[in-house]
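Report on the structure
Read off the chains here:
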Amino acid sequence: MDTKQLAGRYAADLGESGWVLGLGTGSTVAFALERLAERVREGLDVRGVPTSLDTESKCRRYGIPLTTLEEHPRLRMTIDGADEVDPQKRLIKGGGGALLREKVVASASEELVVIVGENKVVDRLGVGFLLPVEVVPFAVPYVLRRLEELGCAPFVRAHQDGKPLVSDNGNRIVDCRFDGIDEPEELERRLNAVPGIVENGLFCGLAGRVVVGKADGGIEVR
Ligand code: 5RP
């Protein structure tokens, strides 16, 4: 079984009837949704708050009942993937561009269960993956300048035809090459202080259990 599939299915089995779940975004989450859908068909009574239009449409296709933060401002558990996880369970997220809603839903949850294949586990964040930030379109030129001052090389994420990607919230995603992030909490604070940045992909102090799917077919829960 794929390492993502191992982690996704394991996390979907943690859900219990009566729970409202946050549902992340990405290919690992897609495996969790498949398993959740099987359990719903077997009688599991859960509802999910999706973190993206993509996850919303998958849930509708799979028959997973949906709800909103308006109806359920407190969630029992969120299941979400990550692009990188370090030994302190700090994350980089946003490879799929859904970081804003993902951080809101994770923060609204009693526990964020992170699901990854073992290739996502790193010693230091930001060496092998770019840090995404979500930016209001009007502010992009100013934010790019401020990001450079923070020591990274930023660029606006675009489609193949060169048109900028538009997030589910109508914003731009700027990817930042840091070549290693020494103090993720400090950087998260600094990014949050830049006007025009709506959210950044550093998730510090949010992860509960981290479920790692291993190439040998095993699971490690941190
Ligand atoms: C989307 C995310 C995803 O969780 C992250 O990119 C991992 O994706 P995948 O499971 O496809 O590897 O943060 O914004």
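Since we're looking at a predicted model, the values are computed, not measured. (Residues numbered from 1 in each chain as written. Predicted model: local features only at pLDDT ≥ 70, side-chain atom pairs only at ≥ 80, totals over all residues. Heavy atoms only, no water.)

The next thing to look at is the site of the ligand. Of all residues adjacent to the ligand, which total 17 residues, the nearest are Ser27, Thr28, Asp83, Gly94 and Lys120. Within the backbone of glycine 96, one N or O atom sits 3.3 Å away from an oxygen atom of the ligand. Along the lines of polarity and charge, the residues of the shell around the ligand split into 2 nonpolar, 9 polar and 6 charged. (Near = heavy atom within 4 Å. Polar contact = N/O pair within 3.5 Å; in protein donor to acceptor, adjacent residues only side chain to side chain. Nonpolar A, V, L, I, M, F, W, Y, C, P; charged D, E, K, R; others polar.)

A few words on the state of the cysteines. Within this structure, the stated rule accounts for 0 disulfides. Considering cysteine sulfurs only, cysteine 152 is the nearest to cysteine 176, which forms no disulfide, with 4.0 Å between them. Since its relative accessible area comes to 0%, cysteine 176 is described here as buried. (Disulfide = S-S within 2.5 Å. Buried < 20%, exposed > 50% of the residue type's maximum accessible area, 1.4 Å probe, protein only.)

Within the largest apolar cluster, 22 residues are counted, with the highest numbers of intra-cluster contacts made by Leu21, Leu23, Leu36, Ile64, Met77 and Ile115. The greatest single-element share of this core, amounting to 6 residues, is contributed by helix α2 (residues 27-41). Dropping the residues within four chain positions of it, leucine 21 is found in contact with Leu36, Val46, Arg47, Gly48, Val49 and Met77. Residues Ile92, Ala139, Val140 and Cys152 belong to the second largest nonpolar core, which totals 21 residues. (Core = buried A, V, L, I, M, F, W, Y, C linked by side-chain atoms within 4.5 Å. Helix = DSSP H or I, 4+ residues; strand = E, 2+ residues; numbered from the N terminus. Contact = heavy atoms within 4.5 Å.)

Time to look at the pattern of salt bridges. Counted according to the given criterion, the structure contains 23 salt bridges. A salt bridge links glutamate 220 to lysine 214, with the nearest nitrogen and oxygen atoms 3.0 Å apart. Through salt bridges with shared partners, a single ionic network connects Arg9, Asp13, Arg35, Glu38 and Arg39. (Salt bridge = Lys/Arg side-chain N within 4 Å of Asp/Glu carboxyl O.)

Position of tyrosine 10 relative to the elements: it lies in helix α1 (residues 3-12). Expressed as a C-alpha distance, the spacing of tyrosine 10 and phenylalanine 31, which sit 21 residues apart in the sequence, is 9.7 Å.

By themselves, these figures tell us nothing about what the structure is for.
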